[in-house]
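One letter stands for each residue in the lines below.
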Amino acid sequence: MDLRYLLLNIVFISVVNAMLAFGIASQDERRCSVGRIEKLMRIRCYNMDLKEVPQNMKTSVEVLDLSYNRIRKLRSGSFQRYTDIKFLMLYENMILSVEPGTFAPLTSLQEVDLSNNGLTTIPMELFSLPRLRNLYIDSNDLWQLHQDIETLERPIRAPLEYLNMANCELHDIPDLGILPNLWQLNVSTNPLTNFHIEKLANMCHLRVIDLMRTQINSCDCQQVTNHLMAIGANPKFVPVCMDSLDSSACPLPYNRTVNSETFRSCLDSVELAETRSLWLFAAGCFGGVILVLLVFWYCIHRWRKRRANRRLSQSIQNRKHFVISPRNAINNRLEDEPLHCDTASA
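The following paragraphs examine the structure supplied in this document. These numbers come from a predicted model, not from an experiment.

**Observations regarding helix α4 (residues 218-231)**
With 14 residues, α4 should reach 20 Å at 1.5 Å per residue; the first-to-last C-alpha distance of 20 Å fits that figure. Counting buried positions over the 14 residues of α4 gives 11, a clear majority of the element. Regarding α4, its N-cap is N217, as a side-chain oxygen of that residue lies 3.1 Å from the backbone nitrogen of C219 further along. Within two residues after α4, G232 carries a phi angle of roughly 75°, on the positive side.

Here it is as structure tokens:
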């Protein structure tokens, strides 16, 4: 009996290896797990030693986990079949380059994690995605970012709310233009030796900024703390300023931040977006009311029409029938004499 089971196991393993060798069953299909998380379809290809994005997955995937693999390059067609992706995890790969147009089809993308790769810049097309809220790009040596960002069209289209650029060898906070929705920024473990407080004016709704393990000087530290206190943000992750500098040596940054034209433009853009949302909501409600009234009017009209047809049918049924009188057949009837009708007997 044991020998029979052993032979069956050997045959089974041989068949599986043969299928893999001839491409009948791929490694991706065997190991990528499919499930649901928060009612979203998730495909998890975690730690599978993949060298490129699989192209045999379900196209309706919404959460795709490709972390801890060996992907070196993202091609323009890598995600062309998966336009429903909302959350994309690509951290802990070996990604060195991203071809233009790679992320363009992902118009539903809300979060992408590209941390711990070999990128030298952020793919600029990410900032054009209309629903991208969370971007993780930490632990990449972004030495080329300051060159590529000069060609960035501002304001960006992506409504970023969380941005993590920790440990990216940055010497200053990148200028992405006005970021009215950004509430948390992590630029910790960067040198930031050329830090400029003016960059914070672009983030009028900033509530948390992480500047731990940076090399900002005492004046910058004090200015950041004052700015955060002025806008009601949390200075918890700002290095403790050991020396309290005089305003002559370290002037208050308000004229470059909260009182600057950039900060007011940021607030105006928020108010404009809120006003637009309010008008859209009001227009939607008005349209809904009009639609309900039209449906109600249509139902009343149909009801009245059916009622009138029913009354007409009943009146026709109750009407007495008439037949041509035999008197009309008399040959000597005058031409102008009207026809005679007799009531039909029931």
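Having seen it, we continue.
**Some thoughts on the state of the cysteines**
A complete count under the given rule lists 3 disulfides for this structure. Across the disulfide, C32 is cross-linked to C45 (sulfur-sulfur distance 2.1 Å). Residues C32 and C45 are joined through a disulfide that is right-handed, its torsion about the S-S bond being 120°. Of this pair, C32 sits in the loop between α2 (27-31) and β1 (33-37) while C45 sits in the loop between β2 (40-44) and β3 (63-65); the two residues are 13 residues apart in sequence, bridging distant segments of the chain. Paired through a disulfide, C219 and C250 show a sulfur-sulfur distance of 2.2 Å. On the sign convention where negative is left-handed, the bridge of C219 and C250, at about 90° about the S-S bond, is right-handed. Of this pair, C219 sits in helix α4 while C250 sits in the loop between α4 and α5 (261-318), and the two are 31 residues apart along the sequence. Per residue, the accessibility class of C219 equals that of C250, and both read buried.

**What to know about a positive patch on the surface**
A cluster of basic residues, R302, R304, K305, R306, R307, R310 and R311, forms a positive patch at the surface. Here R306 is to be found in helix α5. Owing to a relative accessible area of 44%, R306 belongs among the partly exposed residues under this scheme.

**Remarks on the pattern of salt bridges**
Evaluated as defined, the whole model comprises 9 salt bridges. Here R133 ties to E161 by a salt bridge, and the two come within 3.8 Å at their closest N and O atoms. Separated by 28 residues along the polypeptide, R133 in the loop between β7 (111-113) and β8 (134-136) and E161 in the loop between α3 (145-148) and β9 (162-164) bring together distant segments of the chain. Between K199 and D172 there is a salt bridge whose closest N-O contact spans 2.8 Å. Note that K199 is positioned in the loop between β10 (184-186) and β11 (208-210) and D172 in the loop between β9 and β10, a separation of 27 residues in sequence. Note on K199: relative accessible area 18%, which makes it buried.

What counts, and at which threshold
Residues numbered from 1 in each chain as written. Predicted model: local features only at pLDDT ≥ 70, side-chain atom pairs only at ≥ 80, totals over all residues. Heavy atoms only, no water. Helix = DSSP H or I, 4+ residues; strand = E, 2+ residues; numbered from the N terminus. Expected span 1.5 Å × (residues − 1). Buried < 20%, exposed > 50% of the residue type's maximum accessible area, 1.4 Å probe, protein only. Polar contact = N/O pair within 3.5 Å; in protein donor to acceptor, adjacent residues only side chain to side chain. Disulfide = S-S within 2.5 Å. Patch = residues over 30% accessible without salt bridge, like charges linked within 9 Å, V, L, I, M, F, W, Y side chains within 5 Å. Areas by Shrake-Rupley, 256 points an atom, 1.4 Å probe, with all protein chains shown as cover. Salt bridge = Lys/Arg side-chain N within 4 Å of Asp/Glu carboxyl O. Lys, Arg positive; Asp, Glu negative; His and termini not counted. Charge placed at Lys NZ, Arg CZ, Asp CG, Glu CD.

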